[in-house]
Amino acid sequence: MLRLIKKPWWMLILAAAVVTACGAEDEAQETFEEVDPPQYVDDEDELGLEGMLEALEENTVEVNEEMDMEEGMEEDEYDEKGGMMEDDDMHEDGMHEEDEEMEEKGGGMMEETAMRELYLMDRNGMVTPQTFALPDSNQDLEQSLSYLVKDGPVTELLPNGFQAVLPAGTEVLEAEVTGDGTAVIDFSPDFTDYRPEDELRILQAVTWTVTQFENVDRVQIKIAGEEQQVMPQNGTPIAEGYSRIHGINLETGAVSDLSNTKAVTVYFLSQHEDQTYYVPVTRRVPANADTYTAVVDELLKGPDMLTSLLTDFRNEVALVEEPKFRNGTVTLNFNEGVLTQLEGTAVSEHVVNMLVLSLTEQEEVEQVSIEVNDNDELMVSSGAALTEPVTRPGTVNTGKY
């Protein structure tokens, strides 16, 4: 705020004379516009030089009185950023009465959001979760599915290299969840307009997006009200519904007898430019194998050489004993190969995340405890302590996982 009283009186007279002589009415108004108030008349000739000086003196007094009041305030009336902490018109939640009124009328800027996982397709054709803050809705299924449509509302949110999977123009006509946890989704006819090679990607993206909600276990698809026995392009059977058991980004390898195998889903890394994210991959393992051991073994094998996926496990990493499961927690005891070079006590943050994401795909697993030769006094490479079991995050690939 300006302190006009510090300027010599003769400068004020000179400034007023110059303004009057030049007849620069607009410039004079701009000169004093920053001072709040006063309000000047439009015609300097009517006010006169003496009147202008009186106005300036009055304004100077007002400005300095205002500044003196500010300087006399108690320091505790300001927060760390210099803003006032106390306001007679402010509620306990920090909202002004005027702001609250605007929000009630729909004119407020404080829109509530909810974090949602959307399964999109990355530049390598892998179906991958990305988490976004979407406007809070009482129709979670319809909203989430609408963000899977090409050229739809997700367009401006897409990270580089990602695209939506559902054909442009697809609409969700109806979505309801039955008592047995089946989400029945009725799509418009535009749903059928996709490439045959994208059929499994679409099924996986829809299924994994919808089953993020606790009350949904599987998906059944209708098109314009008609139940579908198979998918429109390649005829993938869907009469019994589709669930996460069917897998995602399938790698069957050399497995020929699927009846003697079971599916496990593990998470590897992928990179695009400066973005690192986690990609789920489903593999088949022997049906009689210990599930937790099989998950770790598949992670240690690393990603398929034909993909662009990456791992952060070192070659010498191995379990020193079978995983233990108790009360929702899987305990893993590794050799020292799982440690990074940081003083020999740290585990890579990516390694921790890959283990937790992969093992908590098993419904009964809630958290993972990591030890090295029975030592549980460990750290994560980020600097955090790793002395307690790690719980799966509510969402994956948030950009700051």
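These notes cover the structure that comes with them.

Calculation rules
- Residues numbered from 1 in each chain as written.
- Predicted model: local features only at pLDDT ≥ 70, side-chain atom pairs only at ≥ 80, totals over all residues.
- Heavy atoms only, no water.
- Helix = DSSP H or I, 4+ residues; strand = E, 2+ residues; numbered from the N terminus.
- Contact = heavy atoms within 4.5 Å.
- Buried < 20%, exposed > 50% of the residue type's maximum accessible area, 1.4 Å probe, protein only.
- Polar contact = N/O pair within 3.5 Å; in protein donor to acceptor, adjacent residues only side chain to side chain.
- Pairing = 2+ DSSP bridges.
- Axes fitted to C-alpha atoms, helices over the stretch in contact; angles between N-to-C directions.
- Expected span 1.5 Å × (residues − 1).

A few words now on the environment of Ala175. Counting through the fold element by element, Ala175 comes out in strand S3 (residues 172-177). Here the alpha-carbon distance between Ala175 and Lys222, two residues 47 residues apart in the chain, equals 9.7 Å. With residues up to four places along the chain from it excluded, the contact list for Ala175 reads Leu141, Glu142, Val184 and Ile185.

Looking now at the side chain of Ser358. Tracing the chain through its elements places Ser358 in helix H8 (residues 349-359). With relative accessibility at 0%, the residue Ser358 sits in the buried group. Looking at Ser358, its side chain comes within polar contact range of the main-chain nitrogen of Tyr267, at 2.9 Å. With sequence-adjacent residues up to four places away left out, Ser358 is seen in contact with Thr265, Val266, Tyr267, Val295 and Leu299.

The next point concerns the sheet that holds strand S11 (residues 324-326). Two strands in a sheet stick together by hydrogen bonds in their backbones, pointing the same way (parallel) or opposite ways (antiparallel). Ordered by their spatial adjacency, four strands build an open sheet running S11-S12-S14-S16, and the pairing between neighbours is mixed. In this open sheet, the two strands that pair with only one neighbour each are S11 and strand S16 (390-391). Two strands pair when backbone bridges link them, and strand S14 (residues 367-372) and S16 are joined in this way by two bridges, in the antiparallel orientation. Each residue of the ladder has a partner; that of Gln367, found in S16, is Thr391.

This part is about the sheet that holds strand S8 (residues 250-251). With respect to topology, three strands assemble into an open sheet ordered S8-S10-S9, the strand pairing being mixed. The open sheet has two edge strands with one neighbour each: S8 and strand S9 (261-272). One ladder, built from twelve bridges, connects S9 with strand S10 (residues 275-286); its direction is antiparallel. Looking across to S10, one finds that Ala263 is bridged to Arg284. Along the sheet face, helix H7 (residues 291-301) touches S9 and S10 and points at about 35 degrees away from the line of S9. Across the sheet, H8 is in contact with S9 and S10; its angle to S9 comes to roughly 150 degrees.

This part covers helix H6 (residues 199-210). Here H6 spans 17 Å end to end across twelve residues, near enough to the 16 Å set by a 1.5 Å rise per residue. Most of H6 is tucked away, with ten of its twelve residues classed as buried. Taken together, the buried positions of H6 are occupied by Glu199, Ile202, Leu203, Gln204, Ala205, Val206, Thr207, Trp208, Thr209 and Val210.

A few words now on unusual backbone geometry. Unusually for a residue other than glycine, Asn249 sits at a positive phi of about 50 degrees. Counting through the fold element by element, Asn249 comes out in the loop between strand S7 (242-243) and S8. Asn249 gets classed as buried once you look at its relative accessible area, which sits at 9%. For Asn373, which is not a glycine, the phi torsion comes out positive at approximately 50 degrees. Along the chain, the position of Asn373 falls in the loop between S14 and strand S15 (379-380). Residue Asn373 is classed as partly exposed on the basis of its relative accessible area of 40%.

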